[in-house]
Amino acid sequence: MTSTTTMLTVRLDEETERQLGDILAREKDTNRSELIKRLIRDRWLTLQVGKTLVERRGGHPQHLLQDAPADLSERQNRKAAIAEYLKKRHS
């Protein structure tokens, strides 16, 4: 995933500026940029409520189920397949 940073300038009215100051005063370990990023992320997440977890995360990975056994819908089989994968990967 590529990350880009965009500079954004926003003009706030006096009341909104005061409200932002009040929030910052209560959230002592947060600067303006972090607070605004968190507010945007929280709002974005509320817009995602109707979506499933898989949809919110961008869908199923294309390679995940490629060549997978048909019986992976069974929990025990999935656990065994994951354990085997981790064992091979970390051996």
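Bear in mind that the values here come from a model prediction, so they are computed numbers and not experimental data.

**Re the overall build of the chain**
Within the chain one finds four helices and zero strands. Secondary structure of the chain in N-to-C order comes out as α-α-α-α. Entry remark: accessible area of the chain is about 9100 Å², with carbon and sulfur atoms responsible for 53%.

**Focus: the confidence of the model for the chain**
Residue-level pLDDT values for the chain average 83, and 89% of them are 70 or greater. Within the chain, no element has a lower average pLDDT than helix α3 (residues 53-56), which sits at 74, and none a higher one than helix α1 (residues 14-26), at 93.

**Some details on helix α2 (residues 32-47)**
Counted at 1.5 Å a residue, the expected span for α2 with its 16 residues is 22 Å, and the 23 Å between its end C-alpha atoms agrees. If you check the start of α2, you find a side-chain oxygen 3.1 Å away from the backbone N of Ser 33, and it comes from Asn 31.

**A look at the pattern of salt bridges**
Counted by the stated rule, this structure contains four salt bridges. Between Asp 22 and Arg 18 there is a salt bridge, with its nearest N and O atoms 3.4 Å apart. Remark: Arg 18 and Asp 22 occur in helix α1; sequence separation between them is four residues, near one turn of the helix. Relative accessible area serves as the criterion here: at 39%, Asp 22 is assigned to the partly exposed category. The class for Arg 18 is partly exposed, based on a relative accessible area of 45%.

Cut-offs applied
- Residues numbered from 1 in each chain as written.
- Predicted model: local features only at pLDDT ≥ 70, side-chain atom pairs only at ≥ 80, totals over all residues.
- Heavy atoms only, no water.
- Helix = DSSP H or I, 4+ residues; strand = E, 2+ residues; numbered from the N terminus.
- Areas by Shrake-Rupley, 256 points an atom, 1.4 Å probe, with all protein chains shown as cover.
- pLDDT = per-residue confidence, 0-100.
- Expected span 1.5 Å × (residues − 1).
- Polar contact = N/O pair within 3.5 Å; in protein donor to acceptor, adjacent residues only side chain to side chain.
- Salt bridge = Lys/Arg side-chain N within 4 Å of Asp/Glu carboxyl O.
- Buried < 20%, exposed > 50% of the residue type's maximum accessible area, 1.4 Å probe, protein only.

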